[in-house]
Amino acid sequence: EKGGYEHFMLKEIHEQPKAVQDTIGAYVKDGHVDLSETGLTDEKLASLKRIYIVACGSAYHVGMVGKYVIESMAGIPVEVDVASEFRYRNPILAEDSMVVIISQSGETADSLAALRLAKERNVPVLSVVNVVGSSIARESDYTLYTYAGPEISVATTKAYSTQLIAMYLLSIQSAFVQGKLEESCVSELLAEMETLPDKISKVLDDKERIQWFASKYANAHDIFFIGRGIDYAISMEGSLKMKEISYIHSEAYAAGELKHGTISLVEDGTLVIGVMTQKDLFEKTLSNMVEVKSRGAYLMGLTSYGNYSIEDTADFSVYVPKTEKYFTTSLAIVPLQLMGYYVSVAKGLDVDKPRNLAKSVTVE
Ligand code: F6R
């Protein structure tokens, strides 16, 4: 049942090209985004003035990526909340808005409660759900199913990757119907999106190097992930993957925040992973890498092919194929999933069933 892989997590990491391809295939038809299966109409998307994305854990990190992508591509303001905060903060929900609930299981208690709150306030709800017929799918106005297939490992990988595709699709179609994207740009973006499965496979080809590096850090006490913009959102997910299955304390920081406190935690040999896929922010994050290096940090840099100047600063570099700036998460997350996985394996831990965690969190 593990298809020859040692753990479900590794199997599911390798299923990402197919999961991503299946999700794209369900909603991209003849060079256009077709969301009719979800019930969402172009009229509805055209009327949207604000979007609230609400989710827990990794799905929340997808929402963070969604915010960057939708705001910069479609120009629609997006707020992102963890569901357990949203439901108790008496959120102000604007007119012509939509709540987007992201959930692999479709059963997460706080996310379901957030959905019900939105409905009580008469705000339409789009859910992005992997499990067909789950509570969140049934109670939403519109459901965009992800096609990851069953995910067994507690730490999400392939569902996360398909949720990212859902964000891109929502963003592209909203931008198009709101007149922010020309049809030719839509075609270009979709054509690039369709290359992601192959590019993810290319990243997976690099796994032995990552395994070698990860096994050196099995005894680390702290690991820091830094990035800016989308790279910060990637850092958050990379850090969660690391801590939940390796039990190593890790934190993600917006790179510019380091010097406001956190940098005092950096000591000789502390591993700092800099995520630097965004061209316009590369130099900024690089300067933060230089800062932590001078405090003794050991640096791993994660960037795109071509940015080889990273090697002047980073002690270990990982490259992912080039893609459209909005889509870099789909590639950069893969080495970080593998890092968490191989550190956990090197420590001999129960990768698929980390302590204290459940696959579906149905209590608040
Ligand atoms: C982390 C992880 C969790 C889930 C979270 C939400 O690897 O899997 O953080 O993302 O519990 O679960 P769903 O998506 O089922 O609502």
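What counts, and where the lines are drawn
- Residues numbered from 1 in each chain as written.
- Predicted model: local features only at pLDDT ≥ 70, side-chain atom pairs only at ≥ 80, totals over all residues.
- Heavy atoms only, no water.
- Near = heavy atom within 4 Å.
- Polar contact = N/O pair within 3.5 Å; in protein donor to acceptor, adjacent residues only side chain to side chain.
- Areas by Shrake-Rupley, 256 points an atom, 1.4 Å probe, with all protein chains shown as cover.
- Helix = DSSP H or I, 4+ residues; strand = E, 2+ residues; numbered from the N terminus.
- Pairing = 2+ DSSP bridges.
- Axes fitted to C-alpha atoms, helices over the stretch in contact; angles between N-to-C directions.
- Contact = heavy atoms within 4.5 Å.
- Buried < 20%, exposed > 50% of the residue type's maximum accessible area, 1.4 Å probe, protein only.
- Right-handed = clockwise from strand over helix to strand, strands pointing away.
- Expected span 1.5 Å × (residues − 1).

Asks: What is the right way to look at the site of the ligand in this model?
Replies: Every one of the 14 residues lining the ligand counts as a neighbour, but Ser-103, Gln-104, Ser-105, Thr-108 and Glu-244 are closest to it. Between an oxygen atom of the ligand and a main-chain N or O atom of Ser-58, the distance comes to 3.1 Å. Glu-244 is positioned with one of its side-chain polar atoms (N or O) 2.5 Å from an oxygen atom of the ligand. Look at the ligand: alone it shows 410 Å² of surface, and the protein chains cover 89% of it. Contributing elements (two or more residues each) for the shell around the ligand: α4 (57-74) and α12 (230-246).

Asks: Whenever I open this one, the sheet that holds strand β6 (residues 125-129) confuses me. Can you help?
Replies: The pairing of strands in a sheet comes from backbone hydrogen bonds and takes either a parallel or an antiparallel form. Spatial ordering of the open sheet is given by β4-β3-β5-β6-β7, a layout of 5 strands whose pairing is parallel. Each edge of the open sheet is held by one strand with a lone partner, namely β4 (78-82) and β7 (142-145). Averaged over neighbouring strand pairs, the angle between their axes works out to 20 degrees when direction is ignored. In this structure, strand β5 (residues 97-103) lies alongside β6, joined through 5 bridges in parallel fashion. Note that in β6 the partner of Val-100 across the bridge is Leu-126. Across the sheet, α4 touches β3 (50-55), β4 and β5, and the angle it forms with β4 is around 170 degrees. Contacts from helix α8 (residues 158-177) reach β3, β5, β6 and β7 within the one sheet, and its direction differs from that of β5 by about 160 degrees.

Asks: What's the story with the side chain of Thr-262 in this structure? I'm lost.
Replies: Tracing the chain through its elements places Thr-262 in the loop between β9 (249-254) and β10 (271-276). On the basis of relative accessible area, Thr-262 is assigned to the buried category, the value being 11%.

Asks: Explanation requested: the pairing of β4 in the structure shown.
Replies: Each regular strand carries side chains that alternate between the two faces of the sheet. Of the strand pairs in this sheet, β3 and β4 are connected by 5 bridges, and their pairing is parallel. Paired with Tyr-52 across the bridge in β4 is Glu-79. At this point the chain moves from β3, through α4, to the parallel β4, and the crossover so formed is right-handed.

Asks: Where do I start with the sheet that holds strand β12 (residues 316-320) in this structure?
Replies: Within the open sheet, the 5 strands sit side by side as β9-β8-β10-β11-β12. Their pairing is parallel. The open sheet is flanked by β9 and β12, the only strands paired with a single partner. Mean inter-strand twist for the sheet, computed between neighbouring axes without regard to direction, equals 20 degrees. Pairing analysis gives 5 bridges linking strand β11 (residues 298-304) to β12, with the strands arranged parallel. Its bridge partner lying in β12, Met-300 is registered against Phe-316. The strands touched by helix α13 (residues 282-293) within the sheet are β8 (222-227), β10 and β11, with β10 carrying the most contacts at an inclination of about 170 degrees. Contacts from helix α14 (residues 328-346) reach β8, β10, β11 and β12, with the element oriented near 145 degrees to β11.

Asks: Any chance you could explain unusual backbone geometry here in plain terms?
Replies: Negative phi characterises most residues that are not glycine, and trans characterises most peptide bonds. Phi is positive for Asp-30, which is not a glycine, with a value near 50 degrees. Given the relative accessible area of 76%, Asp-30 is considered exposed. Here the phi dihedral of Asn-122 falls at roughly 60 degrees; this positive angle occurs in a residue that is not glycine. Among the structural elements, Asn-122 can be located in the loop between α6 (109-120) and β6. On the basis of relative accessibility, which here comes to 70%, the residue Asn-122 falls in the exposed class.

Asks: For this particular structure, what's the right way to read α4?
Replies: Each α-helix winds once per 3.6 residues, and so residues spaced three or four apart point in a common direction. Spanning 18 residues, α4 covers 25 Å between terminal C-alpha atoms, matching the ideal 26 Å at 1.5 Å per step. With respect to burial, α4 is a largely interior element, 13 of its 18 residues being buried. Of the residues one or two after α4, Gly-75 is the one with positive phi, at around 70 degrees.

Asks: Even after reading the chapter, I still don't get the environment of Tyr-305, so can you show me in this structure?
Replies: Tracing the backbone through its elements, the reader meets Tyr-305 in the loop between β11 and β12. With relative accessibility at 39%, the residue Tyr-305 sits in the partly exposed group. Considering only alpha carbons, one finds Tyr-305 and Val-363, 58 residues apart in sequence, at a separation of 43 Å. In this structure Tyr-305 touches Tyr-319, Val-320, Pro-321 and Lys-322, once residues within four positions along its chain are discounted.

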